[in-house]
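# Examining the three-dimensional arrangement
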Amino acid sequence: SDLLALEEGRRFHSVIAEKGFDVHLSIKNTLIDMYGKCGKLDDARMMFDKSEQRSFVTWNAMIAACARQCHHIEGFKCFHQMQMECFIPNCATFASSLSACVTEASLVDGKRMHACIVGASMESDIVVGTSLIHMYGKCGSLDHAKLVLDVFPHRTVVTWNTLISVYAQHGQGKMALEVFHDMESKEIRPDKATFSCVLSACSHGGYVDEGLRCFLSMLQVHGIRPTIQHFNCIINLLSRAGRLEEGESLVSFMPSQPVDTLWTTLLSACRMHLDVKRANRLANQMKQVSFESDSTSL
């Protein structure tokens, strides 16, 4: 399942069937999970339908399989069928079901699910609350996503990160920064994922100075070592703003060699701002890094 090795999974399934082990519920549940993760929803459904005995794990695995393939209608059918068969949804069920809501068209179902969650008194669960924020964000209902965080009793860095990410994905850089500063004011310590979301929001929104302040804060205040992803975000931000000298200088501070996308970002910015001299220098540097990498591998 974790390797998404479908053909290996099918071979194991054949051996399991030959040995007669496919009658065991735990085996069936694992096969549903495997086929679902490998994108074979029809096979997952076949295993589900063949399961005369079903547990919470069975239902959750099937609903999760539907969610991964964005089949929100089928996922909700499973959810309702589960209730009709007197299985009371648990936190994992709600989290998987909410993941199936991916468009504005599924927002109505997401709101119904939210009502069920409130009725089951599970809205304070950290996984469910985070899934609600994520669901509303994917459905484009940013006000509802913010409201969930505002009323959430036990906020963690994960819940804050989810809302920041939602705003970043919708190009709402200003709101993402407001949430970030609100998070800091409540003494919630940001992590690497927080700064990835914030820097991405700054990059898409063109908030150069704010992005640089966040980048320095990550280093100097929170003691977090930037990853390649953080460097990519900040250099992309500087490149878009035409601050190529700062972007180029940051390359020398990276913990490892820049990835191809970063070189492409810098070279594209040079072309946009007609900085031929810098483009030639960067192209030569890129060739040198590639040559050294090839020599090392040999």
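Structural notes, computed from the coordinates. For clarity, every value in this text was computed on a predicted model and none was experimentally measured. (Residues numbered from 1 in each chain as written. Predicted model: local features only at pLDDT ≥ 70, side-chain atom pairs only at ≥ 80, totals over all residues. Heavy atoms only, no water.)

## Things to note about the overall build of the chain
Quick note on the threshold: For helices the rule is a DSSP run of H or I covering at least 4 residues; for strands it is a run of E covering at least 2, with both sets numbered from the N terminus onward. Only protein chains enter the accessibility calculation, which uses a 1.4 Å probe; a residue is then buried when its area is under 20% of its type maximum, exposed when over 50%, and partly exposed in between. Any two residues whose heavy atoms approach within 4.5 Å at even a single point are treated as in contact. A residue counts as positive if it is Lys or Arg and as negative if it is Asp or Glu; His and the chain ends are not included. Charge positions are represented by NZ for Lys, CZ for Arg, CG for Asp and CD for Glu.
Helix and strand counts for the chain come out as 17 helices and 0 strands. By principal-axis analysis of the C-alpha atoms, the chain measures approximately 70 × 50 × 35 Å. For the chain, with 298 residues in total, the buried portion stands at 44%. Taking all contacts inside the chain whose residues are at least 6 apart in sequence as the whole, residues at least 24 apart take part in 61%. Averaging the positions of the 29 positive and the 32 negative side-chain charges in the chain gives two centres separated by 2 Å.

## A look at the packing of aromatic side chains
Cut-off, in case you're wondering: Between the rings of Phe, Tyr and Trp (Trp by its six-membered ring), a pair exists once the centres lie within 6.5 Å; its type follows the angle of the planes, with under 30 degrees stacked, over 60 edge-to-face, and the other angles tilted. Working rule: Lys NZ or Arg CZ, within 6 Å of ring centre, within 35 degrees of ring normal, means a charge sits over the ring.
This structure, assessed with the given rule, holds 6 aromatic pairs. Ring geometry for Phe48 against Trp59: centres 5.0 Å apart, planes inclined by 75 degrees, an arrangement best described as edge-to-face. Taken together, the positions of Phe48 in helix α3 (residues 41-50) and Trp59 in helix α4 (residues 56-68) put the pair 11 residues apart, joining distant regions of the chain. Residues Phe215 and Phe231 carry aromatic rings whose centres are separated by 5.6 Å and whose planes lie at 70 degrees to one another, so their mutual orientation is edge-to-face. Residue Phe215 is located in helix α13 (residues 208-220), and its partner Phe231 is located in helix α14 (residues 228-240); the two are separated by 16 residues in the primary sequence. Residues Phe215 and Phe231 agree in their burial class; the two are buried. One cation-aromatic arrangement involves Arg54 over Phe48; the distance from NZ or CZ to the ring centre is 4.0 Å.

## Let's talk about the environment of Cys70
By the element assignment, Cys70 lies in the loop between α4 and α5 (72-84). A residue is classified by how much of its surface remains accessible, and Cys70, at 46% relative accessible area, is partly exposed. C-alpha separation for the pair Cys70 and Cys233, spaced 163 residues apart in sequence, amounts to 29 Å.

## Concerning unusual backbone geometry
A positive phi angle, near 55 degrees, is found at Leu4, a position not held by glycine. Within the secondary structure layout, Leu4 lies in the segment before α1 (6-19). A residue is classified by how much of its surface remains accessible, and Leu4, at 52% relative accessible area, is exposed.

## Section: the pattern of salt bridges
Basically, it comes down to this: Here, a salt bridge means any Lys or Arg side-chain nitrogen found within 4 Å of an Asp or Glu carboxyl oxygen.
One pass over the full model with this rule turns up 16 salt bridges. Residue Glu8 pairs with Arg11 through a salt bridge whose shortest N-O separation is 2.6 Å. A residue pair is termed a helical-turn pair when its members lie 3 or 4 positions apart in one helix, as Glu8 and Arg11 do in helix α1 at 3 residues. A salt bridge links Glu210 to Arg213; its shortest N-O distance comes to 2.9 Å. In this pair, Glu210 and Arg213 are both assigned in helix α13, 3 residues apart and thus about one turn of the helix distant. Taken together, the salt bridges that share partners define one network made up of Glu248, Asp275, Arg278 and Arg281.

Scope: geometric values only; no functional claims are made or implied.
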